[in-house]
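Read off the chains here:
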Amino acid sequence: MSLPRRPRLLAALLLTPLLTGCFAESGNSPATDGKGGKGSRLRVALAFPPAERLSPYGADATILSRLGVTEGLTALDANGSAAPALAESWRRAGQRSWVFTLREAEFQDGTDVTPAAVAAALTHATRARPAPAALTGVTLTAAPEGDRAVRVTTGAADPVLPLRLSSPGLAVLSAAAYGKDGTVDPVGTGTGPFELTAVTGATAATLDRYDDYWGGRAQAAGVDVRFVADGTARANALRTGDADIAEAVPVAQAAALAADNRRETATTRTTGLLLNSATGPFKNPGLRAAAREAVDTSALAQGVYEGHADTGAGIYGPAVTWAAAERVRPVGRARPKRPDGTAVTLATYDNRPELPEVAQVLKQQLEKAGFTVRLVVRDYSRLEGDALAGKFDAFVLARNTLVDTGDPVAVLASDYTCDGGYNLARLCDTGVDRAVARAEATADTGERRAAALAAEAEILGTDAVVPLVHQRVITGVGAGVKGVRLDPYERVLVGTGTRR
């Protein structure tokens, strides 16, 4: 069963003129860059408003990388391997150290990207609280090495450090970004092809082309961003020509877009039901098992997602191609306990428009199994703090399992270990921690993947997470728009070749 769509569509139609007005008042004509240069400005509708004032250390880091504002020492290539970014090369220098040779580049404030500046930026990241997800369980120090290199040393051997440093949460910003009070300001301090010049709360941002970008001058003059939580409003803005790019188009709106205006990308994103295993009713493993048994994932994949998703197989979905053939059966699951009317609070966010429908269907399935369910739906920026604090019994989360580092073990450490910085399930299990630690210590790629799947089995055995669906993301692309970067890791969206 799905939620009725008519009220949501009506609301979106009412919102569309407001969105149109915002783009129309963006300051520069779409045909110029405001600096006398050539190139049109791009109008982009993003789903997630900043939750942490565009701090590079949390969820907002991906906003900055998707818009081409920030970069790290490395990036991810199409195969999920580390590729050069601000570092043009690197080498291992002993068990715990790597040396990264920097390319010639400048920050957007005109200062040089030097070994000292890079080392300082990484040091600031290690002191952030909460720590960036890519640094969960990792002790890291950085120091200049000669005129062009940085030595990065970890407390224990880290065979995937080049992957880890590709994380959007470890972006390198200029010295001017870092305040004495610990705040970080990305306005005019990044290294990417687009410079963030203005932010209007959680509603809008303005970016101008950074002409001295090391990777070449961007073809678009700038980017005018609007944060639009309503997915149907994003799709309507694309249909009416008021947006050039609309991320996360709702599956309900996909058929209404012309085939030339939609792009479907298989991603490493898994939507899961996270059960609070530290407090409340789901502290009881028997009730977690009952919740897991109550869930019918096929009703979600074929009903809510209308075939634009695959049924949940594990933490890693089919886009992680090596996982399917080697997956290990979950171990140690408890016997289900009768709910007998147990009251639970189920929460999710509406920035991804399918999630409230997913939560509504789950509510019905859980109630059919004997739970009493209260549903909470808010914008993500108003929900994250309460979720991290464990104020909900259950949470529906769409999570890109490789977004933090590209390493399959990283998401397990950040989301499911006792010290994990994004542990919404509040899971603290010695067996899980041991399995994740074994995976973290494994260097060989094949063996590391096998260890990750063994740890996945331990996590699924606790029933703290119930994989629901593995998503395919639909991006709306306007007529004449070229070069949109469709990334399975969802780290990039616009780049030097994106234009209209």
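Here, the structure is the one placed above.
In this report, the structure presented in the accompanying data block is examined. (Residues numbered from 1 in each chain as written. Predicted model: local features only at pLDDT ≥ 70, side-chain atom pairs only at ≥ 80, totals over all residues. Heavy atoms only, no water.)

**Considerations on the nonpolar core**
Generally speaking, a soluble globular protein has its nonpolar side chains buried in company with each other. Grouped together as the largest cluster of nonpolar side chains are 81 residues, with contacts concentrated most on Leu-273, Phe-395 and Leu-412. Aside from chain neighbours lying at most four places away, what touches Phe-395 is Gly-272, Leu-273, Leu-274, Leu-346, Ala-347, Tyr-349, Leu-383, Ala-387 and Leu-424. Residues Tyr-57, Leu-102, Leu-135 and Val-150 belong to the second largest nonpolar core, which totals 32 residues. (Core = buried A, V, L, I, M, F, W, Y, C linked by side-chain atoms within 4.5 Å. Buried < 20%, exposed > 50% of the residue type's maximum accessible area, 1.4 Å probe, protein only. Contact = heavy atoms within 4.5 Å.)

**A short note on helix H5 (residues 231-239)**
Within H5, eight of the nine residues are buried, which leaves it mostly tucked inside the rest of the structure. Looking at H5, one finds that the buried residues are Gly-231, Thr-232, Ala-233, Arg-234, Ala-235, Asn-236, Ala-237 and Leu-238. One side-chain oxygen at the N-terminal end of H5 lies 3.1 Å from the backbone nitrogen of Thr-232; it belongs to Asp-230. Of the residues trailing H5, Gly-241 is marked for its positive phi of about 80 degrees. (Helix = DSSP H or I, 4+ residues; strand = E, 2+ residues; numbered from the N terminus. Polar contact = N/O pair within 3.5 Å; in protein donor to acceptor, adjacent residues only side chain to side chain.)

**A word on the side chain of Thr-189**
Relative to the assigned elements, Thr-189 resides in the loop between helix H4 (161-164) and strand E8 (194-200). The class for Thr-189 is buried, based on a relative accessible area of 4%. Once residues within four sequence positions are removed from consideration, Thr-189 is found in contact with Phe-107, Gln-108, Leu-173, Ser-174, Ala-176 and Ala-177.

**As for the environment of Asp-444**
Looking at where Asp-444 falls in the secondary structure, it is placed in the loop between helix H13 (430-440) and helix H14 (445-462). Of the residues examined, Asp-444 reaches a relative accessible area of 42% and is grouped as partly exposed. A sequence separation of 285 residues divides Asp-444 from Pro-159, and the C-alpha atoms of the two residues are 8.2 Å apart. A distance of 2.9 Å separates the side chain of Asp-444 from the backbone nitrogen of Glu-447, its partner in a polar contact.

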